[in-house]
Amino acid sequence: MTKAVNDATLNKAGDIYQYLITLKDCFGKLLLCVALSFSLSACAESDLNQMYIEEAQLTKEEKNIAELLGLNQEYLLYDFFIDDTIKSMQINTYELIDGEWHIVAGGGGQALEDSKGRLALGFDNIADGLKIATQSKHNSGSTSYFKESRNDLTGMGWVTSTLTNKTEITYDQEIPLVIQIITSKNEVHSYMVDYFFQPEEYEKYDYEHVYAITVLFSQKTVNELTNQFDYEDK
């Protein structure tokens, strides 16, 4: 009887030991999965932190200067952070015609030497023109275009959507910064700027005019970028 009890006890102890071993293995795998999850998240966050563009956070002094200069236009300020392989930046303005984006201004570029900088866009009605300024440690400059719009905008209003989220920069890929709808319609469906890549959405509502402003960061030089643009535009 005693032997039977001892055997049962040993069997039970063996089962418990085996259970603990299994539990240890499962716990180890769980820790590995959690570690990998954190690692992947950290890598994704690291990539986003390496090259990105986001709305600039102005200091009180900078805001006061802007007010002093009487910047009555819509003006947007973005800070960008890039790696040392980026050589140029390109700003393009488009108009939506028959469901496709057609270039209004841009195609050139500005050389970049620094790992961070600031981009400023100034406009009211994009159809009438745009001011662009950039500033970094070794580079600064501005450009603008103004023109008499070929479109009759009498009695029309406009709704503007802008990039507000921190956005990852990918080599030679356009990032939409602004979408502006100009229309005489009383009801306007405004979309996030990512809908730049789905222009057919704007066609649904038959707006008279839709404009977009994008930025592109490239590993190509300004000359290479301009030549590529000229080739693709033919």
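Residues numbered from 1 in each chain as written. Predicted model: local features only at pLDDT ≥ 70, side-chain atom pairs only at ≥ 80, totals over all residues. Heavy atoms only, no water.

Brief notes about the environment of T154
Logical step 1: Structurally, the position occupied by T154 is in the loop between β8 (140-146) and β9 (157-162).
Logical step 2: Sequence-wise, T154 and T183 are 29 residues apart; in three dimensions their C-alpha atoms are separated by 9.7 Å. (Helix = DSSP H or I, 4+ residues; strand = E, 2+ residues; numbered from the N terminus.)

What about the pattern of salt bridges?
Logical step 1: This model, assessed by the stated rule, comprises 3 salt bridges.
Logical step 2: The residue D79 makes a salt bridge to R118 at a minimum N-O spacing of 2.8 Å. You can see D79 sitting in strand β2 (residues 74-81) and its partner R118 sitting in strand β6 (residues 116-123), a full 39 residues away along the chain. In this structure, D79 and R118 share a single accessibility class: buried.
Logical step 3: Between E201 and K204 there is a salt bridge, and its shortest N-O distance comes to 3.1 Å.
Logical step 4: The exposed category is assigned to K204, whose relative accessible area is 58%. (Salt bridge = Lys/Arg side-chain N within 4 Å of Asp/Glu carboxyl O. Buried < 20%, exposed > 50% of the residue type's maximum accessible area, 1.4 Å probe, protein only.)

Some points on the nonpolar core
Logical step 1: The biggest cluster of nonpolar side chains holds 43 residues, and the ones touching the most others in it are I53, F80, L119, L121, L177, V215 and F217.
Logical step 2: Of all the secondary structure elements, the ones that give two or more residues to this core are β2, β3 (88-97), β4 (100-105), β6, β7 (129-136), β11 (175-183) and β12 (209-218). (Core = buried A, V, L, I, M, F, W, Y, C linked by side-chain atoms within 4.5 Å.)

Concerning the pairing of β8
Logical step 1: Bridging between β7 and β8 involves 7 bridges; their strand directions are antiparallel. Residue pairing for β8: Q135 is matched across the bridge by S140. (Pairing = 2+ DSSP bridges.)

A short note on the packing of aromatic side chains
Logical step 1: The final tally for this structure, using the stated rule, is 9 aromatic pairs.
Logical step 2: Their ring planes at 20 degrees and their centres at 5.1 Å tell us that W101 and F196 sit as a pair that is stacked. Of this pair, W101 sits in strand β4 while F196 sits in the loop between β11 and α3 (200-203), and the two are 95 residues apart along the sequence. Grouping residues by exposure puts W101 and F196 together as buried.
Logical step 3: Taken together, the ring pairs in this structure connect Y94, W101, F196 and F197 into an aromatic cluster.
Logical step 4: The ring of Y52 has K166 sitting right over it, with the charged end atom 4.1 Å from the ring centre. (Phe/Tyr/Trp six-rings, centres within 6.5 Å; stacked < 30°, edge-to-face > 60°. Lys NZ or Arg CZ within 6 Å of the ring centre and 35° of its normal.)

Looking at unusual backbone geometry
Logical step 1: In this model, D172 sits at a positive phi of 55 degrees, which is unusual for a non-glycine residue.
Logical step 2: Relative to the helices and strands, D172 is located in the loop between β10 (167-168) and β11.
Logical step 3: With a phi close to 55 degrees, D206 is a non-glycine residue in the positive phi region.
Logical step 4: Position of D206 relative to the elements: it lies in the loop between α3 and β12.

Notes on the pairing of β12
Logical step 1: Of all 10 residues in β12, 10 are buried; the element is thus mostly enclosed.
Logical step 2: Residue alternation in β12 divides its side chains into two sets, H209, Y211, I213, V215 and F217 and V210, A212, T214, L216 and S218, and both sets are buried.
Logical step 3: Judged from the 8 bridges that link them, β3 and β12 form a sheet pairing that is antiparallel. Across the sheet, Y94 pairs through a bridge with A212, a residue of β12.

Considering the confidence of the model for the protein chain
Logical step 1: Here the protein chain averages 77 in pLDDT, and 69% of its residues register 70 or above.
Logical step 2: Within the protein chain, no element has a lower average pLDDT than helix α1 (residues 2-50), which sits at 45, and none a higher one than β10, at 97.
Logical step 3: For residues 1-13, every residue scores under 50 in pLDDT, and the model assigns this stretch 0 contacts once sequence neighbours within four places are set aside.
Logical step 4: Between residues 26-47, whose pLDDT stays under 50, and residues either more than four places distant or in other chains, the model counts 2 contacts. (pLDDT = per-residue confidence, 0-100. Contact = heavy atoms within 4.5 Å.)

Observations regarding the environment of G99
Logical step 1: Positionally, G99 belongs in the loop between β3 and β4.
Logical step 2: The class of G99 is partly exposed, set by a relative accessible area of 22%.
Logical step 3: On a C-alpha basis, the gap between G99 and Y202 in space is 8.0 Å, while along the polypeptide they are 103 residues apart.
Logical step 4: Not counting residues up to four positions away in its chain, the partners in contact with G99 are P199 and E203.

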